[in-house]
Amino acid sequence: MKRQLTILLFCVALSGLVAQWSVDAGAPNLIAGFTGEQVIPKVAITDSGNTYVCRFDNSSGAYKVWLNLLSPQGTPLWTAPEGLLISEHAQMTWLTDYDMTADNDGNAVIVFQDIRNAGVNNVVAYKISPEGTFLWGVDGIAMSADTNTELSNMAPTVFNSIDNSTYVAWQHMGTTTSVMINCISPEGQKLWGENGITLAPMEGSYTWPQIIQGDTDNILLKYYQDTGPFWAPNRFVYVARYNNAGQRIWNALMTDAGGLPAWQ
């Protein structure tokens, strides 16, 4: 009986060491508690249950991109407490939204914008393995390469498909705003050309793309067509279906509900 009790107490103590996720909503796990701002966190969970947490860190006085990896039990898997430095390329002093997902092999895929190229906002994509390897190079893949300061590439989104291809879409802003989309192979090859596919409006702007899985090897791209003032646009919702070769199969108007009040 004494031996069984000893084993039970050992197992309880071991489970306390392994299970790191807090069960107290008033005392959640601290992921990044450093001297500067830790902002816009993104989370992606792999099929194995590992959790990636990405963030911008302003401790040095300039925003940098960092990534943490935790086990299903909440144990940090990378030794440095701050995680892995993904990019210290120059950023604007203000940030927009960005995106992260996990691919079918348990890697993190992160897409964001920075101003490393002639001070112009361009979109980049990184793939990081659970071992911390930069699978698409230490500088990632440049999804856009504008050098004209009148242009800007903003707020990218990412989707990993059932065939493990990665789709990246973003807003290309100039005189008007267009939607750009490209497909990346698991190995990091841009499959829809160097600059991808542009959806350019005949009127107004195309904004805020999102991507989901379609049937078989197709994806569905949602985007808005906005006309009128940006603070209260007339907004139509479209969905386009593309196959993995970049051919648009159809494009459908989903709703033309009309204008949005400025406070929305």
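Just above, that's the structure.
Conventions adopted
Residues numbered from 1 in each chain as written. Predicted model: local features only at pLDDT ≥ 70, side-chain atom pairs only at ≥ 80, totals over all residues. Heavy atoms only, no water. Buried < 20%, exposed > 50% of the residue type's maximum accessible area, 1.4 Å probe, protein only. Helix = DSSP H or I, 4+ residues; strand = E, 2+ residues; numbered from the N terminus. Pairing = 2+ DSSP bridges. Axes fitted to C-alpha atoms, helices over the stretch in contact; angles between N-to-C directions. Core = buried A, V, L, I, M, F, W, Y, C linked by side-chain atoms within 4.5 Å. Contact = heavy atoms within 4.5 Å. Phe/Tyr/Trp six-rings, centres within 6.5 Å; stacked < 30°, edge-to-face > 60°. Lys NZ or Arg CZ within 6 Å of the ring centre and 35° of its normal. 1 Å grid on protein atoms, 1.4 Å probe; cavity = no way out; pocket = protein on both sides within 12 Å on 5 of 7 lines; lining within 4 Å. Points joined across faces, edges and corners; volume = space filled by probe spheres on them. Nonpolar A, V, L, I, M, F, W, Y, C, P; charged D, E, K, R; others polar.

Counted residue by residue, strand β10 (residues 166–173) has seven buried out of eight residues, so it is predominantly covered. Here strand β9 (residues 152–160) runs beside β10; their pairing, made up of seven bridges, is antiparallel. Looking across to β10, one finds that N160 is bridged to T166. Counting the residues in the hairpin turn of β9 and β10 gives five residues, including N164, whose phi is positive at 75 degrees.

This brings us to the sheet that holds strand β3 (residues 64–70). The strand order across the open sheet built from four strands is β1-β2-β3-β4, with neighbouring strands paired in antiparallel fashion. What marks the edges here is a single partner per strand, and that holds for β1 (38–45) and β4 (84–87). Each strand of the sheet is rotated relative to its neighbour by a mean of 25 degrees, with strand direction disregarded. Note that strand β2 (residues 51–57) and β3 share seven bridges and pair antiparallel. Counted as the bridge partner of Y52 is L69 from β3.

Here we take up the sheet that holds strand β6 (residues 108–117). Strand order in the open sheet made by the four strands is β5-β6-β7-β8, with antiparallel pairing throughout. Looking at which strands have only one partner, the edges of the open sheet turn out to be β5 (99–102) and β8 (141–142). Sheet analysis places strand β7 (residues 120–128) next to β8, joined by two bridges and oriented antiparallel. Counted as the bridge partner of A125 is I141 from β8.

If you look at the biggest cluster of nonpolar residues, it comprises 19 residues, and the most contacted ones within it are Y52, C54, L67, I86, M100, I110 and F112. Of all the secondary structure elements, the ones that give two or more residues to this core are β2, β3, β5, β6 and β7. Other than its neighbours up to four places away in sequence, M100 contacts K42, V43, A44, Y52, V53, C54, L67, A108, V109, I110 and V158.

What follows is about the environment of I141. Relative to the helices and strands, I141 resides in strand β8. I141 gets classed as buried once you look at its relative accessible area, which sits at 11%. In this view, I141 contacts V123, V124, A125, W136, I184, G188 and K190; residues no more than four positions away in its chain are not counted.

Turning our eyes to something else, we now look at unusual backbone geometry. Negative phi is the rule for most residues except glycine; trans is the rule for most peptide bonds. In this structure, I40 is a non-glycine residue whose phi angle is positive, near 50 degrees. Examined against the element boundaries, I40 turns out to sit in strand β1. Take I40: its relative accessible area is 28%, and that puts it in the partly exposed class.

The subject of this paragraph is the packing of aromatic side chains. Describing an aromatic ring pair means giving the distance of the ring centres and the angle of the ring planes. Using the criterion set out here, one finds 11 aromatic pairs in the structure. Look at F56 and Y63: their rings are 6.4 Å apart centre to centre, the planes differ by 90 degrees, and that puts the pair in the edge-to-face class. According to the relative accessible area criterion, F56 is buried, its value standing at 2%. On the basis of relative accessible area, Y63 is assigned to the buried category, the value being 13%. Measuring from centroid to centroid gives 5.5 Å for Y167 and W192, while their planes differ by 65 degrees, and the two rings are edge-to-face. Separated by 25 residues along the polypeptide, Y167 in strand β10 and W192 in the loop between β11 (177–184) and β12 (197–199) bring together distant segments of the chain. For the pair shown, Y167 and W192 are each scored as buried. Taken together through their ring pairs, the aromatic side chains of F56, Y63, Y98, F112, Y126 and F134 make up a single cluster. Over the aromatic face of Y224 sits the side chain of K222, whose NZ or CZ is 4.0 Å from the ring centroid.

Another aspect to go through is the environment of P229. One can find P229 in the loop between β14 (219–227) and β15 (234–242). Here P229 falls in the partly exposed class, since its relative accessible area comes to 33%. Taking the C-alpha atoms as reference points, P229 and L95, 134 residues apart in sequence, are found 23 Å from one another.

Estimates place the volume of the largest pocket at around 300 Å³. What lines the largest pocket is a set of 18 residues, among which T207, W208, D226, F230 and R235 lie closest to the centre. Every element with two or more residues in the lining of the largest pocket is listed here: β10, β13 (205–213) and β14. Sort the elements by how many residues they give to the lining of the largest pocket and β13 lands first, with three residues. Along the lines of polarity and charge, the residues of the lining of the largest pocket split into eight nonpolar, eight polar and two charged. Taken as a whole, the second largest pocket holds about 190 Å³ of empty space.

Read these as geometric descriptors, not functional statements.
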